[in-house]
Amino acid sequence: MSAAADAGQPLLAPWTAAHALPPFGQLEPAHYEPAILAAMQEHRAEIAALGAQAAEPGFDNTCAAFDRAGRRLAHTVAVFNTVCASATNEALQAVQRRLAAPLAAHHSAIHTDAAFFARLDALHARRATLGLDAAALRLLERQHLDFLRSGARLPEPQRRRHAELMQALAELHTRFGQNVLRDEADWQLPLPDAAAMAGLPAFVRAAARQAALERGLPGAVITLSRSLVVPFLTFSERADLREQAWRAWVGRGERDGATDNRPVVREILRLRHELAQLMGHACYADFALADTMAGTRERVDALLQAVWQRAVPRALADRRELEALRDAALPAQAGQPLAPWDWRYWAERVRRERYALDDAEIKPYFELGRVVQAAFACAGRLFGLRFERRDDLPVYHPDVVAYEVFDADGALRGVFLQDNFARAGKRSGAWMNALRWQARNTADGRPQTPVILNNNNFARGEAGSPTLLSLDDARTLFHEFGHGLHGLLSDVHWQRLSGTQVLRDFVELPSQIFEHWIGEPEVLREHARHWQTGEPIPDALIDRLQRARRFNQAFETVRYTASAMLDLALHARTEAEAPADLAAWEQGFLAEAGLPAGCGVNHRLVHFQHLFAGSSYAAGYYVYLWAEVLDADGYDAFTEAGGPFDAAVAERLRRHVYAAGNAVEPNAAFAAFRGRAPRLEPLLAKRGLLDEPVPA
Ligand SMILES: [Zn+2]
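Everything numeric here is computed off the predicted structure, so don't read it as measured data.

### What about the overall build of the protein?
Summing up its helical and strand segments, the protein has 28 helices and seven strands in all. Radius of gyration (C-alpha) of the protein: 25 Å, near the 26 Å computed for a compact globule of 696 residues. Projected onto its principal axes, the C-alpha coordinates of the protein cover approximately 85 × 55 × 55 Å. The buried share among the 696 residues of the protein stands at 57%. Of the contacts formed within the protein by residues at least 6 apart in sequence, a portion of 74% connects residues at least 24 apart. Accessible surface for the protein amounts to roughly 27,300 Å². Of this, 52% is attributable to carbon and sulfur atoms. If the 77 positive side-chain charges of the protein are averaged to one point and the 86 negative ones to another, these points end up 1 Å apart.

In structure tokens:
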């Protein structure tokens, strides 16, 4: 053991586990703060030394050296962020609150370092004469832009104010996320008897019993985990209980008291507006969009409107159909508008009647382990990857499964960690992050292999029973796995340009395009096998799934698009103060936009983590739709070439999309893959919004 490990500081000691994985088994909440503070100091010293060099600034002693600096900090912070998101507790949350501002201050200090910036700026001014290859030039431009957007060129009082704003925002983002987590953890709906369980299929009952067990409660409970509350809203025959669950779900972050996110959101908006002004923009949306493919609000708005105008009439028509079924079944309610907690329930009834589809029939074919294997098999056929489970590698929680990932030639590509289950202390949603990026620019010249993590939030099957996924869950797993492949297949020299560190409206292309494969009949026939009998999913069921593919799509499209429009409008405000009554503003905006009653939105502002638990998706919730234009059109390349595993198309997809990171301009990367610029029609067709008459 080294001195640091002896001194009880395993994070500062060399990481000696296989693949230099973090010493997860030895980590305590108290280890993070001193390790991160020490690593920040080391990083500051590195940048100070780069700024003080006597040699003239050149690409190697400036850009390449900056790209190599701060690795220990990056790796330590990645571990910290990982446990805070996936396995947190009171002690970690306290550290997280304490470190939010210092980490933001550190980022500002590095990215406004005057001596270093002078060198970078000088280099940038003569970038065309440096003889750099395309990737190196892109690194220089990216670094320069990172500095500009961090306020490096602002005069002194404003530069200090910029740094203060970033620190205050980091604290508010942390508080916002912790409040949502607490509201989710604090609430449950007990299901004490058969009457409370009415309508629930066996898998929902089992998940509710498992949720009670994990919370140390008797019987069965519904929690606000999406994988539990959505099935409950879909199947429960008890409208009164659906209403309770729905109100708790949409009320996260809006309860009076310590977890109230309303003042947090207002303060975030006020500070973001000030930040935008400081940076010379009229509103925060303009500042955020300046560094995206879309570039302007007008281009985002045009896409959102193209989809919104087509989707709303369809959602209204769908609602009329649901109301008709409801009126026939419950004549006492005839004429009443469909309530938001009723939509999923009646949609499921229509789905069962019209397509003879029933989740209880589908789920046995989507056992979690088989879906994981299906994702690996697709990555194998497309890109030659092989995943080998390694139970001896260190992980941060017993739920995490580790794999070594190998290329077709047997070379190690990286390590993949997968954490699939919902549990207390884990943020809701699904996401990918990197514990270490792929890069070849390293201090010792040895390639840095990526360590990539996927988190999902599936409701675990009861003890002795398998975890069965819905088709939506399986799609989510494929989505995150697509992000994972973007990290694992990355093949770039510069760490700053590696993996998913692309423009944010490009980042959902590798994830969303990968979702297509789980819907392919060929993949389903091979991997969707009944967990008990091993029988493949019947062709007739695949047919019914295919026919029902667009069913209730307008509901999902409208909910998503409304959330994206809400985000954009909120961040496009030019008033210094946020709306005094957020809920009233939200409601007013949605009414004005014509949101069909009963439809709801994906996220209300008070728990919209994309926007307020960090800044990377603020004025950026539209990116899923933007990237869907690319993935829908991109996937058609396989169809046109004759099949979902066409080798030539797969090779282009790997080279220009999954491997390229941010080393290539995204429009150019897409064009190199597709052979032309993207078209909007495949997205509209995929969502059932093209050339199909709207039922009157
Ligand atoms: Zn994603």
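### Structural notes on the coordination of the zinc ion
Tetrahedral coordination by four donors sets the ideal angle at the metal to 109.5 degrees; octahedral coordination by six donors sets it to 90 or 180 degrees. Those donors, H479 (NE2), H483 (NE2) and E508 (OE), are the protein atoms that reach the zinc ion, and they lie 2.0 to 2.1 Å from it. If you list the donors of the zinc ion from N- to C-terminus, the spacing comes out as H-x3-H-x24-E. Here H479, found in helix 18 (residues 471–488), pairs with E508, found in helix 19 (residues 508–518); they are 29 residues apart in sequence, far enough to count as distant. Look at E508 and you get buried, because its relative accessible area is 1%.

### Topic: the side chain of T557
On the secondary structure map, T557 appears in helix 22 (residues 553–571). Ignoring sequence-local partners within four residues, the contact set of T557 consists of V307, A311, R687 and L689.

### Considering the sheet that holds strand 4 (residues 401–406)
Spatially, five strands are ordered 3-4-5-7-6 in an open sheet, and the strand pairing comes out mixed. Looking at strand neighbours, the two that pair on one side only are strand 3 (386–389) and strand 6 (431–436), the edges of this open sheet. Neighbour-to-neighbour, the strand axes of this sheet turn through a mean angle of 25°, independent of strand direction. Bridging between strand 5 (residues 412–421) and strand 7 (residues 451–458) involves six bridges; their strand directions are parallel. Within strand 7, the residue paired with F421 across the bridge is F458. Of the strands in this sheet, strand 5, strand 6 and strand 7 are in contact with helix 4 (residues 71–86), which crosses strand 6 at around 150°.

### Regarding helix 23 (residues 582–593)
Over its 12 residues, helix 23 extends 16 Å from the first C-alpha to the last, a length consistent with the 16 Å expected when each residue adds 1.5 Å. Of all the positions in helix 23, only L582, E586 and L590 are classed as buried. The arc that holds the buried residues of helix 23, viewed along the axis, is 60°, so those residues lie on one side. Opposite the buried face of helix 23, by more than 90 degrees, sit the exposed residues Q587, A591 and E592. One side-chain oxygen of the residue at the start of helix 23 lies 3.2 Å from the amide nitrogen of A583, identifying that residue as D581.

### Focus: the packing of helix 10 (residues 226–235) against helix 15 (residues 343–355)
The description of two helices packed together rests on the angle between their axes and the distance between the axes. Running from N to C, helix 10 and helix 15 cross one another at 65°; their axes reach a closest spacing of 6 Å. Note that helix 10 runs across helix 15; the crossing there is right-handed. Contacts from V230, L233, T234 and F235 in helix 10 reach R344, Y345 and E348 in helix 15. The residue makeup of the contact of helix 10 with helix 15, split by class, is four nonpolar, one polar and two charged.

### Focus: the pairing of strand 7
If a strand is regular, its side chains alternate between the two faces of the sheet. In terms of residue burial, strand 7 counts as a mostly covered element, since eight of its eight residues are buried. Burial along strand 7 is two-sided: the residues V451, L453, N455 and N457 and I452, N454, N456 and F458 are all buried. Alignment of strand 6 against strand 7, held across five bridges, turns out to be antiparallel. Opposite N433, over in strand 7, you have L453 as the bridge partner.

### Observations concerning the side chain of R544
Relative to the helices and strands, R544 resides in helix 21 (residues 539–547). By relative accessible area, R544 is classed as buried at 17%. If we ignore the near neighbours within four places in the chain, the residues touching R544 are Y355, A356, L357 and E361.

### Here we look at the packing of aromatic side chains
With the rule as written, the count across this model stands at 38 aromatic pairs. Here Y617 and Y624 contribute two aromatic rings whose centre-to-centre distance is 5.8 Å and whose plane-to-plane angle is 15°, an arrangement assigned as stacked. Residue Y624 is classed as buried on the basis of its relative accessible area of 18%. Feature note: the residues F376, F387, Y403, F416, F478, F481, F514, W517, Y635 and F638 constitute an aromatic cluster, connected by ring pairs. The aromatic ring of F645 is capped on one face by R381, whose charged end is 3.8 Å from the ring centroid. A cation over an aromatic ring shows up here: R427 above the ring of W431, its NZ or CZ 4.3 Å from the ring centre.

### A look at helix 7 (residues 134–149)
Its 16 residues give helix 7 an end-to-end C-alpha distance of 22 Å, which sits within 8% of 22 Å, the value for a rise of 1.5 Å per residue. Against helix 3 (59–68), helix 5 (90–111), helix 6 (114–125) and helix 27 (666–674) lie the buried residues of helix 7. One side-chain oxygen of the residue at the start of helix 7 lies 3.2 Å from the amide nitrogen of A135, identifying that residue as D133.

Reading the values: rules and limits
- Residues numbered from 1 in each chain as written.
- Predicted model: local features only at pLDDT ≥ 70, side-chain atom pairs only at ≥ 80, totals over all residues.
- Heavy atoms only, no water.
- Helix = DSSP H or I, 4+ residues; strand = E, 2+ residues; numbered from the N terminus.
- Rg over C-alpha atoms; globule rule 2.2 N^0.38 Å.
- Buried < 20%, exposed > 50% of the residue type's maximum accessible area, 1.4 Å probe, protein only.
- Contact = heavy atoms within 4.5 Å.
- Areas by Shrake-Rupley, 256 points an atom, 1.4 Å probe, with all protein chains shown as cover.
- Lys, Arg positive; Asp, Glu negative; His and termini not counted.
- Charge placed at Lys NZ, Arg CZ, Asp CG, Glu CD.
- Donors = N, O, S within 2.8 Å, 3.2 Å for Na, K, Ca; no water.
- Pairing = 2+ DSSP bridges.
- Axes fitted to C-alpha atoms, helices over the stretch in contact; angles between N-to-C directions.
- Expected span 1.5 Å × (residues − 1).
- Arc of directions from axis to C-beta.
- Polar contact = N/O pair within 3.5 Å; in protein donor to acceptor, adjacent residues only side chain to side chain.
- Left-handed = near helix turned anticlockwise from the far one by under 90°.
- Nonpolar A, V, L, I, M, F, W, Y, C, P; charged D, E, K, R; others polar.
- Phe/Tyr/Trp six-rings, centres within 6.5 Å; stacked < 30°, edge-to-face > 60°.
- Lys NZ or Arg CZ within 6 Å of the ring centre and 35° of its normal.

Worth remembering: the numbers are spatial, not functional.
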